[in-house]
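The primary structure of each chain is shown beneath.
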Amino acid sequence: MQPDHVRRFEYEELVGFTDNFSESNYIGRFQFGKFYRGLLGKTCPTKLLVKIWEVPEIYSFKPVDNKIRLMEEVILLRHEVVIKHPCMVKMYGYCFDDEHLVAVYLLEPLDSVFNLIPKDSFTWLQRIKAAFGLASVLKFLHAKYPTSYFTPFVVQNLDPAHIVIEEDYNPRLCDFGLMCGGILPNRRSYSGPLGCYGYIDVSASSRDDCSNKKDVFAFGVILLSLISKRVYTEEDRQSGLPTVYEWALGQCQAFESYSEMRDAKFSLVHKSTASESEFCGEDGHKITMIALDCVYRVESERPAMKQVFRALRKLEVVKNNADFIGANNKMLLRPWEITKNSC
């Protein structure tokens, strides 16, 4: 489907796609609502991801904000360059009326990264593929190219609940509710935590700026989650339990410096994952240090996503399984060159 051919649906049609938004089609929450699986057609059905906006009580925003978010998302996901990256979700249609705000994506959803992280069935290779694809799309969004007059994008609300894994284990970024920069240059940066608790950089969120180091921090926490099989839930927040980031810092307290951790080959990879045949012992320490560099408390000293992506490419698991993970995929390695040549 071309970007100009986004359909406008009636809400009743979406009820049919999702079997009345049934529990069996429910995937999970995102910052402003819920994700559902959907099917269009009967003879040769098209698999869809349906995202419906709500007004959760735990998040402070005006109801009209969601209408703006949906319309800006329609604009964003029709842009000829943005939609070419294989880890950006593809918009199929939307519903916009007084009572219902819904985005419909062309996607074969397996589950969200948030749901998959604690599961033993989510293998080391699949976790690395998810991390590699996410790093690629963030590198793409953060880049400033000489031929473009757009400023870089910043996602601002990166969260494992906002990343949906396809049936081939390719990750797709599925929420852009706080994104700023790029073709949304006048969109304000939101100060103060608005959700995504445990994944946003709380110290940076108090400033009204659009720093891409916020995304680097969130990526680091997601990477820590992927390798340790830990997630941070709303119940954890209400109970005052430590976030994944705080837990990781607690594990580091036995060391006085990063150099000491490097010498000790410190790793936060879960033991069950480390026992898998595709796991290489050296990678455990390396990927742990990549994640810890991303969540470093001094924002200016965190790496750029292009540096993170380069470091991930050096992992043995990536080199040994390049085709599955996507390390040979030019759209993941240099998407801007390809989208520029195809326009």
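Residues numbered from 1 in each chain as written. Predicted model: local features only at pLDDT ≥ 70, side-chain atom pairs only at ≥ 80, totals over all residues. Heavy atoms only, no water.

Undergrad: Would you mind going over the packing of aromatic side chains with me for this structure?
TA: Geometry of an aromatic ring pair is reported as the spacing of the ring centres plus the angle between the planes. On inspection of all chains with the given rule, the structure shows 12 aromatic pairs. Measuring from centroid to centroid gives 6.1 Å for phenylalanine 9 and tyrosine 92, while their planes differ by 15°, and the two rings are stacked. Taken as a pair, phenylalanine 9 in the loop between strand S1 (7-8) and helix H1 (11-17) and tyrosine 92 in strand S5 (residues 91-96) lie far apart in primary sequence, 83 residues in all. No difference in accessibility class separates phenylalanine 9 from tyrosine 92, as the two residues are buried. Summarising the aromatic geometry, the rings of phenylalanine 217 and tyrosine 245 are spaced 5.1 Å apart at their centres and angled 65° between planes, so their arrangement reads as edge-to-face. (Phe/Tyr/Trp six-rings, centres within 6.5 Å; stacked < 30°, edge-to-face > 60°. Helix = DSSP H or I, 4+ residues; strand = E, 2+ residues; numbered from the N terminus. Buried < 20%, exposed > 50% of the residue type's maximum accessible area, 1.4 Å probe, protein only.)

Undergrad: What exactly am I supposed to notice about unusual backbone geometry here?
TA: Phi is mostly negative for residues that are not glycine, and the peptide bonds are mostly trans. Positioned with a positive phi, aspartate 19 is a non-glycine residue whose angle comes to about 55°. Residue placement: aspartate 19 occurs in the loop between H1 and strand S2 (26-30). Note on aspartate 19: relative accessible area 53%, which makes it exposed. Unusually for a residue other than glycine, tyrosine 169 sits at a positive phi of about 70°. With respect to the element layout, tyrosine 169 can be found in the loop between strand S9 (163-166) and strand S10 (171-173).

Undergrad: Can you help me understand the sheet that holds strand S3 (residues 33-40) in this one?
TA: Pairing between sheet strands relies on hydrogen bonds along the backbone, with the strands arranged either parallel or antiparallel. Reading across the sheet, the six strands line up as S1-S5-S6-S4-S3-S2 and stay open at both edges, with mixed pairing between neighbours. Two strands in the sheet have a free side with no partner beyond their single neighbour: S1 and S2. The sheet contact formed by S5 and strand S6 (residues 101-106) spans five bridges and is antiparallel. Looking across to S6, one finds that phenylalanine 96 is bridged to leucine 101. (Pairing = 2+ DSSP bridges.)

Undergrad: What is the right way to read the sheet that holds S10 from this model?
TA: Read across the open sheet, the three strands follow the order S7-S9-S10; overall the sheet is antiparallel. Each edge of the sheet is formed by a strand with only one pairing partner; in this case those strands are strand S7 (109-112) and S10. Across the sheet, the axes of successive neighbouring strands diverge by a mean angle of 35°, strand direction being ignored. In this structure, S7 lies alongside S9, joined through three bridges in antiparallel fashion. Note that in S9 the partner of proline 109 across the bridge is glutamate 166. (Axes fitted to C-alpha atoms, helices over the stretch in contact; angles between N-to-C directions.)

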